[in-house]
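Coordinate inspection notes
For reference, the chains in residue letters:
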Amino acid sequence: MAKAILTISSKNYGAWALRGWLLAKFAGLEFTEKVISPDDPAMKAEMLLLSSSMLVPSLQHGNVKVWDTLAIAEYLNEIKPKAQLLPADVKVRAHCRAVCGEMHSGFASMRAALPMNIKAHFSGFKIWSRAQADIDRVLEIWKECLATYGGPYLFGKQLSVADAMYAPVVTRFLTYDVPLDKACTAYCKRVMELPAMKEWVAEAKKEPDDIDELDAEF
């Protein structure tokens, strides 16, 4: 099969792009990147409308085209089973799918109030109540998963779809100085120390500031 092509958007602002890119990295899929222009309507839609089902990211793998981040995750889990993107145990796998689905369809207030912006840092950022409720739920999920499966990742020793889905939230918490307990702080540190995350962040920092709407402190 031909080498895969992953279409992504900004590495500084693109939360859904990061999820798809990490999934491909975690799966061990060889791929080339196709980065759409900052002026492309699809990129602006991903950044500003906060939709979980835009056509970015999308994966072209031979004659197979997959978009929507969860669909990409399921496809990669099928073609790269040894990567174990989804847990082997049926009950644990159901739990993983549930927390991923919650991220995919929820937390709109948090995403709106704390847009991903890797290059920025807002010390003492004031978080409004609806966004705080979303943050509290994310932290509840993390603490439950870490306690249940023993870490170091959300579903144990193996990186999973869940870690990819919540990785952009890690960057948000760092950008906006979100207070975290010891366990969640440690989890964020582990995610940011992943080679794939270091690669993504390094590239994000090279980007020009193209989207003025996301460079202001809200």
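What you see is a predicted model; the values in this text were computed from it and never measured. What you see as residue numbers is a count from 1 along each chain, following the sequence as written. Side-chain atom pairs in this predicted model are given and counted only at pLDDT of 80 or more, local residue features only at pLDDT of at least 70, and totals for whole chains, interfaces and linings cover all residues. Neither water nor hydrogens contribute to the side-chain values; these are computed over all heavy atoms in the structure.

1. Re the environment of V201
- Numbering of helices and strands runs from the N terminus; a helix is a DSSP stretch of H or I covering at least four residues, while a strand is a stretch of E covering at least two. Note on placement: V201 falls in helix 9 (residues 195–204).
- On the basis of relative accessibility, which here comes to 13%, the residue V201 falls in the buried class.
- Should any heavy atoms of two residues lie within 4.5 Å, those residues are counted as being in contact. Apart from the residues within four sequence positions on either side, V201 is in contact with I118 and M192. Burial classification: accessible surface area is computed with a 1.4 Å probe over protein chains only, and a residue below 20% of its type maximum counts as buried, one above 50% as exposed, and the rest as partly exposed.

2. Digging into the pairing of strand 3 (residues 58–61)
- Here strand 1 (residues 4–8) runs beside strand 3; their pairing, made up of three bridges, is antiparallel. Its bridge partner lying in strand 3, T7 is registered against S58.
- Strands were regarded as paired on the criterion that DSSP finds at least two bridges between them. Bridge count for strand 3 against strand 4 (residues 64–67) is four bridges, and the pairing is antiparallel. Bridge assignment links H61 to a residue of strand 4, and that residue is V64.
- Hairpin geometry of strand 3 and strand 4 is characterised by an intervening segment of two residues between the two adjacent antiparallel strands and by a positive phi of about 65 degrees at G62.

3. A look at the environment of R172
- Along the polypeptide, R172 turns up in helix 7 (residues 161–175).
- Judged by its relative accessible area of 3%, R172 falls in the buried class.
- Taking the C-alpha atoms as reference points, R172 and H121, 51 residues apart in sequence, are found 9.3 Å from one another.
- Aside from chain neighbours lying at most four places away, what touches R172 is A15, R19, R111, L114, P115 and M116.

4. Section: the packing of aromatic side chains
- Whether two aromatic rings pair depends on their centres lying within 6.5 Å, for rings of Phe, Tyr and Trp, where Trp uses its six-membered ring; planes under 30 degrees apart make the pair stacked, over 60 edge-to-face, and the rest tilted. Tallied over the full model, the rule gives seven aromatic pairs.
- What links up through ring pairs into an aromatic cluster is the set F122, F125 and Y176.
- Any Lys NZ or Arg CZ found within 6 Å of a ring centre and within 35 degrees of that ring's normal is scored as a charge over the ring. One Lys or Arg, R19, reaches over the ring of W16 and ends 4.1 Å from the middle of that ring.

5. What about the confidence of the model for the protein?
- Per residue, pLDDT measures the predictor's confidence, with a range of 0 to 100. Chain-level statistics for the protein give a pLDDT mean of 90 and a share of 86% at 70 or above.
- Confidence over residues 213–218 falls short of pLDDT 50; this stretch has 18 contacts with residues more than four positions distant or in other chains.

6. Things to note about helix 6 (residues 129–149)
- Along its 21 residues, helix 6 runs 30 Å from first to last C-alpha, staying within 8% of the 30 Å computed at 1.5 Å per residue.
- Taken as a whole, helix 6 has its buried residues at A131, D134, I135, V138, L139, I141, W142, C145 and L146. Looking down the long axis of helix 6, one finds its buried residues gathered within 155 degrees of arc, a one-sided arrangement. Facing away from the buried side of helix 6, by more than 90 degrees, are the exposed residues S129, R130 and A147.
- Buried-residue contacts for helix 6 involve helix 4 (90–105), helix 5 (108–113), helix 7 and helix 8 (182–192).
- G150 occupies a position one or two residues after helix 6 and carries a positive phi of about 80 degrees. In this scheme, a helix's expected span is set at 1.5 Å multiplied by one less than its residue total. Think of the arc as the fan of directions from the helix axis to the C-beta atoms.

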